[in-house]
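Residue-level structure breakdown
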Amino acid sequence: MFLLTVWLEVEQGGCIAALACLLLGLAVAWTSRLRGSPGLPQPPIIPGLPLLGSVLALGRRGSKFIAACHAQYGDVFTLRVLGQKMTWLLAPEAYAPFFTAPEEQISFGPAVQQFTDRVFGLPPQHFVGKHGLMLRTLRWQLVPGTLPNILHPLHSFLRRELEVNPLRGRVDLCKYIQDITFRSSVSTFFGSSFLEEVDVASLLQSFQTFESGFEMAASPVPLCLQWPFLRARSRLVETFRQALLRDSIGKGTVVKRLIDDVQLPDSCTPNMMLCFMWASQANATPTAFWTLAFLLLPENAAYRGRVEAELQATRSSTDPAASLVDLACSRSSALNKCIAETIRLRAPSIDVRIAASDVMLRLPGREGLLLEKGSVLATSPFESHSDERLFGPDARHYNPDREGMLLCGKTALHSSILGVGGVAGLAFGGGKYRCPGRYFAEAEVALVVGMILLSCPTLALDDLQQQWEGGVGDPHGCLPAPDFQKLLGIKVPVAPCWVSAKEKGC
């Protein structure tokens, strides 16, 4: 549930991303200093610009820069970000210590405290002590056995949205998915009474503005200079504050139980609600989009046929709604296999920790490497999911029938790291800080994708000509490219993806 310019002859998007990286590097540098440890082997350090290090390259090229460093320097390498070391761990054997090492060696908290404070306005003194309780509360509410109780209301809300806003003619698929899922998801988690008292269009616009400024807000650039983000956050927090005063958060909802169990101070509870809204919304839309987009590619027609056969079977049952919910909850269905493969191919580009002490990383066949205290440690699910050691020779191709992530070709990695493994691999994190809403997230996407396909079986890509450079999951470049500059969260498309549907088929 989770995180970077110099105006230097790059287009505007690259400049903004580079500035975010630059400022995030300053933030990290504030919290820790480098220590020299002469004589001990350390990961290779990537040459960079004086003072700035690799900030501009990471900001301009994002995931592509990480991949280039991986190819040239190997599984473990270090970038300098304004004098701060950021060591990338891409060796399969490094995942276990990254996710499961004791907090006194590799720590999660310091890596996200400033992030939650600056972005959500949750002060560390209130967030740190309650973080574990938040995760436990959400996991208890979102275990597989409880999902039908949440998905049935979500199904009802989605059906209503599809009736009001059916997919007709030519539309941008990603925008359409967000339009129909935002109200439905918020109603499910916060209660329909919450939305009855707010302007939903304004709420969605504020959330979109908040999300678009998310990574920049995590940097030390003063928030007073980020007026769109600051205004959007203030509107969202005030909306939640008024809802608490009116007691309009639905009884028995996930958010209400979270509020009651965690017991944050009244001044911080709206900020926790904002944190939850972001966590429940930010990745759902792009995951549903990519799942549908991959299924619409001609080369994936066989997979689409299997998914549609499952969906038609639910329609012919005695209780179609219940059957569809059961299908969404089934992790062995063809639909959920397609979702897991989509998550694998469009996974986040970064997950971070802090070396709380000097750590010796030992990899097979080589001497140990020193990870210095205070260094930022990072892994990249997106890059790792293209590693043939984990997913075989077709790692860069769309194949929902693949086996789960493997370690050294034969040992299931998830057997040793809680939360890691299966086809989705590293996308949901691992260890005690793994995503608490994984099972719901996958089932929600299955429900959204299934209901769209059922309501509009003639759905097709509007233009199948190659328009983009072919890449992971889309070798012919028929879909908009993913935004490689975006490091946090599921990749989003860089441009609209136009689809069309014939009215007679819907």
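Residues numbered from 1 in each chain as written. Predicted model: local features only at pLDDT ≥ 70, side-chain atom pairs only at ≥ 80, totals over all residues. Heavy atoms only, no water.

Scanning the chain for helices and strands turns up 21 helices and twelve strands. The buried share among the 506 residues of the chain stands at 57%. Accessible surface for the chain amounts to roughly 20700 Å². Of this, 55% is attributable to carbon and sulfur atoms. (Helix = DSSP H or I, 4+ residues; strand = E, 2+ residues; numbered from the N terminus. Buried < 20%, exposed > 50% of the residue type's maximum accessible area, 1.4 Å probe, protein only. Areas by Shrake-Rupley, 256 points an atom, 1.4 Å probe, with all protein chains shown as cover.)

Judged by nonpolar contacts, the single largest core of 130 residues is most densely connected at Val-119, Phe-190, Phe-194, Phe-210, Ile-452 and Leu-459. Once residues within four sequence positions are removed from consideration, Phe-194 is found in contact with Val-186, Leu-203, Thr-239, Phe-240, Ala-243, Ser-248 and Ile-249. With 23 residues, the next largest nonpolar core counts Phe-98, Val-359, Leu-363 and Leu-390 among its residues. (Core = buried A, V, L, I, M, F, W, Y, C linked by side-chain atoms within 4.5 Å. Contact = heavy atoms within 4.5 Å.)

Ordered by their spatial adjacency, five strands build an open sheet running β1-β2-β8-β5-β3, and the pairing between neighbours is mixed. Here the strands that pair on one side only, and so sit at the sheet edges, are β1 (76-81) and β3 (106-107). By the bridge criterion, four bridges tie strand β5 (residues 351-355) to strand β8 (residues 376-379) in an arrangement that is antiparallel. Counted as the bridge partner of Ile-354 is Val-376 from β8. Contacts from helix α3 (residues 63-73) reach β1 and β2 (84-89), with the element oriented near 130° to β1. (Pairing = 2+ DSSP bridges. Axes fitted to C-alpha atoms, helices over the stretch in contact; angles between N-to-C directions.)

Here Ser-375 lies in the loop between β7 (369-371) and β8. Given the relative accessible area of 2%, Ser-375 is considered buried. Separated by 3.0 Å, the side chain of Ser-375 and the backbone oxygen of Glu-372 make a polar contact. (Polar contact = N/O pair within 3.5 Å; in protein donor to acceptor, adjacent residues only side chain to side chain.)

The terminal C-alpha atoms of helix α10 (residues 200-212), which comprises 13 residues, lie 18 Å apart, in line with the 18 Å expected from a rise of 1.5 Å per residue. Among the residues of α10, Val-200, Leu-203, Leu-204, Ser-206, Phe-207 and Phe-210 are the ones counted as buried. The buried residues of α10 occupy an angular sector of 160° when the element is viewed end-on, so they sit on one face. Turned more than 90 degrees away from the buried face of α10, the exposed residues are Ala-201, Gln-205 and Ser-212. On its buried face, α10 is in contact with α5 (109-120), α8 (173-190), α9 (192-196), α11 (214-217), α12 (227-246) and α14 (269-281). Between the side-chain oxygen at the start of α10 and the backbone nitrogen of Ala-201 there is a gap of 3.1 Å, and the oxygen is on Asp-199. (Expected span 1.5 Å × (residues − 1). Arc of directions from axis to C-beta.)

Attention now goes to the confidence of the model for the chain. The share of residues in the chain with pLDDT of 70 or more is 88%, and the mean pLDDT across the chain is 87. Note that residues 1-19 has pLDDT below 50 and, in this model, 51 contacts with residues that lie over four places away or in other chains. Counted against residues more than four places away or in other chains, residues 21-36, with its pLDDT under 50, gives 42 contacts. (pLDDT = per-residue confidence, 0-100.)

Let us look at the pairing of β5. Within β5, five of the five residues are buried, which leaves the element mostly enclosed by the surrounding structure. Residues Asp-351, Arg-353 and Ala-355 line one face of β5 and the alternating positions Val-352 and Ile-354 line the opposite face, and both faces are buried. Direction of pairing for β3 relative to β5: antiparallel, over a ladder of two bridges. Within β5, the position partnered with Ser-107 by the bridge is Ile-354.

Let us now look at the environment of Pro-97. Position of Pro-97 relative to the elements: it lies in helix α4 (residues 95-100). Placed 320 residues apart in sequence, Pro-97 and Ile-417 show a C-alpha to C-alpha distance of 9.4 Å.

Here helix α16 (residues 301-315) contains 15 residues, and its C-alpha end-to-end distance of 21 Å stays within 8% of the 21 Å for a straight helix at 1.5 Å per residue. Tyr-303, Arg-304, Val-307, Leu-311 and Thr-314 are the residues of α16 that are buried. Seen end-on, α16 carries its buried residues on one side only, within an arc spanning 100°. Buried residues along α16 sit against α15 (284-296), α17 (320-329), α18 (334-345) and α21 (438-455).

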